[in-house]
Amino acid sequence: MSYFFIVELILLGIGSGFLAGLLGIGGGMVLVPFLTYLISAQGVDGELAVKMAIATSMAVIIFTSVSSVRAHHKRGAVRWDIVRKLAPGIVLGSMIGSIGVFSVLKGAYLAIVFGVFVAFSATQMFLDKKPPPTRQMPGTGGQLLAGGCIGFLSGLVGAGGGFISVPFMTWCNIAIHSAVATSAALGFPIALANVAGYIVSGMAMTDLPPGSFGYIYLPALGLIAAASVCTAPLGARAAHSLPVRRLKRIFALMLYMLAIYMLMKGISA
């Protein structure tokens, strides 16, 4: 790796870690587009680069979620009751997405799926529609199903699930700060289940670049994770000082930009 590539990965880790703490998105929404570009620039085929970016992004989330959730937990913002009910479905959905569907879909299709769902989530947050005051989180069965959907889609696009779980929880009248904190906690089981799937599904690949473990690109993982765990607590601290409406708008605008990039990447491929 060139020194310039190393610096790019460290800067990416700094930025994604801060956003993971600020928005509860695990950093995947930022990492996937940029990693796709950086891995492609190393001479890796474009479609394979998308899959490696998704898998490596998810592996980074293991570290950023732990760092982020510790900061949120200290402020009492994590709804652990929701985490316990969503987590089983998340693990099951993640495994189905990362082992079954991920391995057979073309990288271009994954990029388009990523862009569509990110744009949808951005619209939900930007419009800031107020749910009826009587709406609450569904029961155990409903949360199990919701967790399965969050895990499955996260497995396809390499994100910590915040792009779905944060809008879902705010739609159920969970305060935005609690939704962000709880989403950060959910990133850990999502990441563990998906990383296992990416490793298993990628072991049969013969054209992966040196330093790969399944679809995970270990050099990028090490550098980004080391940088991101330092800045995730800073983002979490900032999240509790920003007004709710501004936090939602920041979330939405960033997601729009990344959705456009990934849609263009998928369509061009």
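Residues numbered from 1 in each chain as written. Predicted model: local features only at pLDDT ≥ 70, side-chain atom pairs only at ≥ 80, totals over all residues. Heavy atoms only, no water.

Visitor: Got a minute to help me understand the overall build of the protein chain in this structure?
Guide: Check the secondary structure of the protein chain and you find ten helices and two strands. Across the protein chain, every contact between residues at least 6 apart in sequence was considered, and the portion connecting residues at least 24 apart equals 82%. Accessible surface computed for the protein chain: about 11100 Å², of which carbon and sulfur atoms make up 70%. (Helix = DSSP H or I, 4+ residues; strand = E, 2+ residues; numbered from the N terminus. Contact = heavy atoms within 4.5 Å. Areas by Shrake-Rupley, 256 points an atom, 1.4 Å probe, with all protein chains shown as cover.)

Visitor: Even after reading the chapter, I still don't get the environment of Ala238, so can you show me in this structure?
Guide: Take Ala238: it is sitting in helix H9 (residues 218–239). Between the C-alpha atoms of Ala238 and Leu19, which are 219 residues apart in sequence, the distance is 9.8 Å. Sequence-distant contacts of Ala238, defined by excluding residues within four places in its chain, comprise Phe18 and Leu22.

Visitor: What is the right way to look at the environment of Tyr256 in this model?
Guide: Here Tyr256 lies in helix H10 (residues 244–268). With relative accessibility at 28%, the residue Tyr256 sits in the partly exposed group. Residues Tyr256 and Gly115, spaced 141 residues apart in sequence, show a C-alpha to C-alpha distance of 8.6 Å. Setting aside residues up to four positions removed in sequence, Tyr256 forms contacts with Ala119, Ala122, Thr123 and Phe126. (Buried < 20%, exposed > 50% of the residue type's maximum accessible area, 1.4 Å probe, protein only.)

Visitor: Looking at this structure, how should I read the nonpolar core?
Guide: As a rule of thumb, nonpolar side chains are buried together in soluble globular proteins. Ranked by size, the top nonpolar core spans 74 residues in total, and within it Leu35, Ile39, Met169 and Ile224 carry the most contacts. No other element matches the 13 residues that helix H3 (residues 46–74) contributes to this core. Ignoring anything within four residues of it in the chain, the contact list for Ile39 reads Val44, Ala49, Met52, Ala53 and Tyr217. (Core = buried A, V, L, I, M, F, W, Y, C linked by side-chain atoms within 4.5 Å.)

Visitor: I'm lost on the pattern of salt bridges in this one. Help?
Guide: Side chains that differ in sign of charge can pair as their charged atoms come close. Taken as a whole, this structure holds one salt bridge when the rule is applied. Put simply, Asp81 and Arg79 hold a salt bridge, and the shortest N to O gap is 2.9 Å. A relative accessible area of 32% means that Asp81 is categorised as partly exposed. (Salt bridge = Lys/Arg side-chain N within 4 Å of Asp/Glu carboxyl O.)

Visitor: Got a minute to help me understand unusual backbone geometry in this structure?
Guide: With glycine set apart, most residues show a phi of negative sign, and most peptide bonds adopt trans. A positive phi angle, close to 70 degrees, is found at Asn173, a residue other than glycine. By the secondary structure assignment, Asn173 is in the loop between helix H7 (162–171) and helix H8 (176–202).

Visitor: Would you explain the packing of H3 against H9 in this entry?
Guide: Packing of H3 against H9 brings their axes to within 8 Å, and their N-to-C directions diverge by 30 degrees. By the criterion of interaxial angle, the relationship of H3 to H9 is roughly parallel. Viewed along their axes, H3 and H9 form a crossing whose handedness is right-handed. On the side of H3, the interface is formed by Thr56, Ala59, Val60, Phe63, Thr64, Ser67, Ser68, Ala71 and His72, while H9 contributes Ala220, Leu221, Ile224, Ala225, Ser228, Val229, Ala232, Pro233, Ala236 and Ala239. (Axes fitted to C-alpha atoms, helices over the stretch in contact; angles between N-to-C directions. Parallel < 35°, antiparallel > 145°, perpendicular 65-115°, else oblique. Left-handed = near helix turned anticlockwise from the far one by under 90°.)

Visitor: What is the right way to look at a nonpolar patch on the surface in this model?
Guide: Where nonpolar side chains cluster on the molecular surface, the patch consists of Val7, Ile10, Leu11 and Ile14 and spans about 320 Å² of accessible area. Positionally, Val7 belongs in helix H1 (residues 3–23). Given a relative accessible area of 43%, Val7 falls into the partly exposed group. (Patch = residues over 30% accessible without salt bridge, like charges linked within 9 Å, V, L, I, M, F, W, Y side chains within 5 Å.)

Visitor: Can you walk me through H3 in this structure?
Guide: Along its 29 residues, H3 runs 42 Å from first to last C-alpha, staying within 8% of the 42 Å computed at 1.5 Å per residue. The largest bend along H3 measures about 30 degrees and falls at Ile62. Here H3 lies mainly inside the structure; 22 of its 29 residues are buried. A positive phi of about 70 degrees marks Gly76, the residue just after H3. (Expected span 1.5 Å × (residues − 1). Bend = angle between axes of the 7 residues up to and from the residue.)

Visitor: Would you explain H8 in this entry?
Guide: Each full turn of the α-helix corresponds to 3.6 residues, which orients residues three or four apart in the same direction. Between its terminal C-alpha atoms H8 stretches 36 Å, which fits the 39 Å expected from 27 residues at 1.5 Å a residue. Helix geometry: H8 is bent most strongly at Leu186, by close to 25 degrees, with proline Pro189 lying one to four residues after it. With 22 of its 27 residues buried, H8 lies for the most part within the structure.

Visitor: Quick question: what am I supposed to make of the packing of H3 against H8 here?
Guide: Between H3 and H8, whose axes approach to 8 Å, the crossing angle comes to 150 degrees. As H3 runs across H8, the sense of the crossing is left-handed. Contact residues: H3 offers Ile54, Ala55, Met58, Ala59, Ile61, Ile62, Ser65, Val66, Ser68, Val69 and His72, while H8 offers Val180, Ala181, Ala184, Ala185, Gly187, Phe188, Ile190, Ala191, Leu192, Asn194, Val195 and Tyr198. Class assignment of the residues belonging to the contact of H3 with H8 gives a composition of 18 nonpolar, five polar and no charged. (Nonpolar A, V, L, I, M, F, W, Y, C, P; charged D, E, K, R; others polar.)

By themselves these figures say nothing about function.
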